[in-house]
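Chain by chain, the residues run as shown.
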Amino acid sequence: MVVVRSADPGLMVDPRSGFCKANSTFYSKRKPIPFPANHALDLTTFISSRPHHGKVAFIDATTGGQLTFPDFWKAVESVSTCLSEMGIRKGHVVLLLSPNSIFFPVVSLSVISLGAVITTTNPLNTAREIAKHISDTKPALAFTVPQLLPKLADASNDNHLKVVLVGERETPCENSLSTSSCTVIGSLEEMMKREASQARVKDRVTLDDTATLLYSSGTTGVSKGVASSHKNFIALIETLVRRFGTNAQEEIYIATVPMFHIYGLAAFTMGHLAMGSTVVVLSKFDLEEMLWAVQKYRATYLPLVPPILVGIVNKADEIKKTYDLSSLRTVLCGGAPLSKEMIEGFVDKFPKVTIMQGYALTESTGGGASTDTMEESRRYGTAGLLSPSVEGRIVDPDSGRALPVNRTGELWLRGPTIMKGYFNNEEATASTLYSDGWLRTGDLCYIDEDGFLFIVDRLKELIKYKGYQVAPAELEALLLCHPEVADAAVIPFPDEEVGQFPMAYVVRKAGSTISGVAVMDFIAKQVAPYKRIRRVAFIASIPKNPSGKILRKDLIQLATSKL
């Protein structure tokens, strides 16, 4: 029997949907999460103190190198000691510029243990983009791999940086870089060999202190720094324990998504570490390497983003002949909505693998909604039930009125994983995070009569055609059903007469010569007249961020640059 709890025991909550008519709020149907009684607790200590029987924490998929749990925590203690001796203190920002590696969690949790703040950035970013990140966060220290040192040096011209190298020193220009815009002061390998000291300076850290400074995806605007607290991540870990905790130390995960992103950081650097699971780390995504790693390490869980799942479905017959994926039990997909058709296509090809979905934002520290059981996962198209201790509202974007069950509006979330705010951006914080704790997600959603969340589209990405609202995700799902379409994105194209109309960017499958007219006719037969695609352009690939969300703003700029 499901028991739905609200903060106010006097409120009447529908046990089926979790909806309370009195305040138009949806309450989670999952059991509330506990919180530590000790307010003076840092995230690293919380993770390291959790009991489990796990043996190997991390495996490098390429080299086979391993970190057992004892070795991992010894490394964290050693690196923390060195950082303290370098003068890193509570509130200092430390930049980590690195691809996925078994050392990524070592650096992150060492920094966080001191009350300092870890900030990450995409290794694929340009020096200009990294320079903006450095200018914004002003890190006291940076960790990077030798291959990215020149890029970091170019980005640090006006902000001289002390740098610690992660991995072997292979770059020939290291000495010259050390005398210009940044100074290499050591290596992580040397720090990990250091004897840990309990006498190191360690400031008092509380649950409310900032632990990470990650940057939001920027799919609809300028990327903003998201400040998340130790409490935010502890709440997220407790949520993950509820979802995967049973026999977690026996599970093997493949780390496919980037650790610099909230998805990878929360799951692979923290969550599964706390549960005693083994994480096999891919330094970068490659479909064949990922499948080979599943086979070699007998992985049981495969976290993905939608583009990877699409690639697997498109090559399913070849993959099944080439790789032994019999150990795989569950695929976890998040980062962007997954269409019903795509899920059914995957299940048809891999009937013994359960596919689960989730919904989260950087601003919600990876919390939001999820499907946690096979029964829940069979509700194709849903992002799942609200996470433990999370409240939701569906708000009409025009009137601001909170809506009931099965009505579409902007999703608002409130709960223990919601961010502290945007870093040094009071205006953006005030417009997104209200004083009573509600976070405006910018996503158009509805919650059905059973409490399941469904994502319709991004609010800011709606196409307004003659006053009608057109959801790009709906048209993209239809396009992906065409046998000659490999990938697609739909954007608003400006028009003086109708305001905006849907334009499609299409990636043809190999050997296809499908025309734009054929694409438009295919959609026109399936949608109302105002939803029809009225312009088509073909492109080699759809630009997406690391979590799989389409970068519509890039496509809009491309489409309108010729006007």
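Our subject is the structure that appears above.
These figures come from a predicted structure and were not determined experimentally.

**A closer look at the pattern of salt bridges**
- Under the defined criterion, the tally for this structure stands at 19 salt bridges.
- One salt bridge connects Asp372 with Arg243, and the closest N-O pair in it is separated by 3.0 Å. You can see Asp372 sitting in the loop between strand S17 (368–370) and helix H14 (374–377) and its partner Arg243 sitting in helix H8 (residues 230–244), a full 129 residues away along the chain. This pair shows no difference in class: Asp372 is buried, exactly as Arg243 is.
- Glu476 is the salt-bridge partner of Arg552, the closest N and O atoms lying 2.4 Å from each other. Of the two residues, Arg552 sits in helix H18 (residues 552–560) while Glu476 sits in helix H16 (residues 472–479), which places them 76 residues apart along the sequence. There is no split in this pair, since Arg552 and Glu476 are both buried.
- Look at the salt bridges and you will find they share partners, linking Arg16, Arg379, Asp448 and Asp450 into a network.

**What to know about the nonpolar core**
- Ile47, Phe143 and Met290 are the most contacted members of the largest nonpolar core, which totals 116 residues.
- Aside from chain neighbours lying at most four places away, what touches Phe143 is Leu83, Val94, Leu95, Leu96, Leu97, Val107, Val164, Val166, Leu188 and Met191.
- Counting residues in hydrophobic clusters, the runner-up holds 30 residues, among them Tyr465, Leu479, Ile491 and Tyr505.

**With respect to H18**
- Among all positions in H18, only Arg552, Leu555 and Ala559 are buried. Relative to the axis of H18, the buried residues are bounded by an arc of 60 degrees and lie together on one face.
- Structurally, H18 contributes buried residues whose contacts are with strand S24 (452–458), H16, strand S27 (485–495) and strand S28 (499–508).

**A look at the sheet that holds strand S5 (residues 93–97)**
- Ordered by their spatial adjacency, eight strands build an open sheet running S9-S8-S7-S5-S6-S10-S11-S22, and the pairing between neighbours is mixed. If you trace the sheet from one side to the other, it starts and ends with strand S9 (182–187) and strand S22 (421–422), each paired once.
- Taken together, the two bridges between strand S6 (residues 117–120) and strand S10 (residues 210–215) define a ladder with parallel strand orientation. Bridged to Thr119 within S10 is Leu213.
- The strands touched by helix H3 (residues 104–113) are S5, S6, strand S7 (141–144) and S10; relative to S6, the strand with the most contacts, the crossing angle is about 145 degrees.
- Along the sheet face, H8 touches S10 and strand S11 (225–229) and points at about 75 degrees away from the line of S11.

**Details of the pairing of S27**
- The element S27 is extensively covered by neighbouring structure, given that eight of its 11 residues are classed as buried.
- In the sheet, S27 pairs with S28 via 10 bridges, with the strands oriented antiparallel. Paired with Val485 across the two strands is Arg508, which belongs to S28.

**Section: the side chain of Asp396**
- Within the secondary structure, Asp396 is located in the loop between strand S19 (391–395) and strand S20 (402–403).
- Here Asp396 occupies a buried position and makes no salt bridge, while the nearest side chain of opposite charge, Arg401, is found at 5.2 Å.
- A distance of 3.0 Å separates the side chain of Asp396 from the backbone nitrogen of Ser399, its partner in a polar contact.

**A short note on the side chain of Glu410**
- Position of Glu410 relative to the elements: it lies in strand S21 (residues 409–414).
- There is a polar contact of 3.4 Å between the side chain of Glu410 and the side chain of Trp412.
- A polar contact of 3.0 Å, which involves the side chain of Glu410, links it to the side chain of Arg440.
- With residues up to four places along the chain from it excluded, the contact list for Glu410 reads Arg393, Ile394, Val395, Pro397, Arg440, Thr441, Gly442, Asp443, Leu444 and Leu459.

**A word on the packing of aromatic side chains**
- Inspection of every chain in the model, using the stated rule, returns 12 aromatic pairs.
- For the ring pair Tyr253 and Tyr301, a centre distance of 4.7 Å and an interplane angle of 20 degrees mean the geometry is stacked. One end of the pair, Tyr253, is in strand S12 (residues 252–255); the other, Tyr301, is in strand S14 (residues 301–304), with 48 residues separating them in the sequence.
- Judged by centre distance (5.1 Å) and plane angle (80 degrees), the rings of Trp412 and Tyr434 are edge-to-face. Note that Trp412 is positioned in strand S21 and Tyr434 in the loop between helix H15 (426–432) and strand S23 (439–447), a separation of 22 residues in sequence.
- On the basis of relative accessibility, which here comes to 12%, the residue Trp412 falls in the buried class.
- Three or more aromatic residues joined by ring pairs make a cluster, and in this case those are Phe58, Phe72 and Trp73.

Calculation rules
- Residues numbered from 1 in each chain as written.
- Predicted model: local features only at pLDDT ≥ 70, side-chain atom pairs only at ≥ 80, totals over all residues.
- Heavy atoms only, no water.
- Salt bridge = Lys/Arg side-chain N within 4 Å of Asp/Glu carboxyl O.
- Helix = DSSP H or I, 4+ residues; strand = E, 2+ residues; numbered from the N terminus.
- Buried < 20%, exposed > 50% of the residue type's maximum accessible area, 1.4 Å probe, protein only.
- Core = buried A, V, L, I, M, F, W, Y, C linked by side-chain atoms within 4.5 Å.
- Contact = heavy atoms within 4.5 Å.
- Arc of directions from axis to C-beta.
- Pairing = 2+ DSSP bridges.
- Axes fitted to C-alpha atoms, helices over the stretch in contact; angles between N-to-C directions.
- Lys, Arg positive; Asp, Glu negative; His and termini not counted.
- Polar contact = N/O pair within 3.5 Å; in protein donor to acceptor, adjacent residues only side chain to side chain.
- Phe/Tyr/Trp six-rings, centres within 6.5 Å; stacked < 30°, edge-to-face > 60°.

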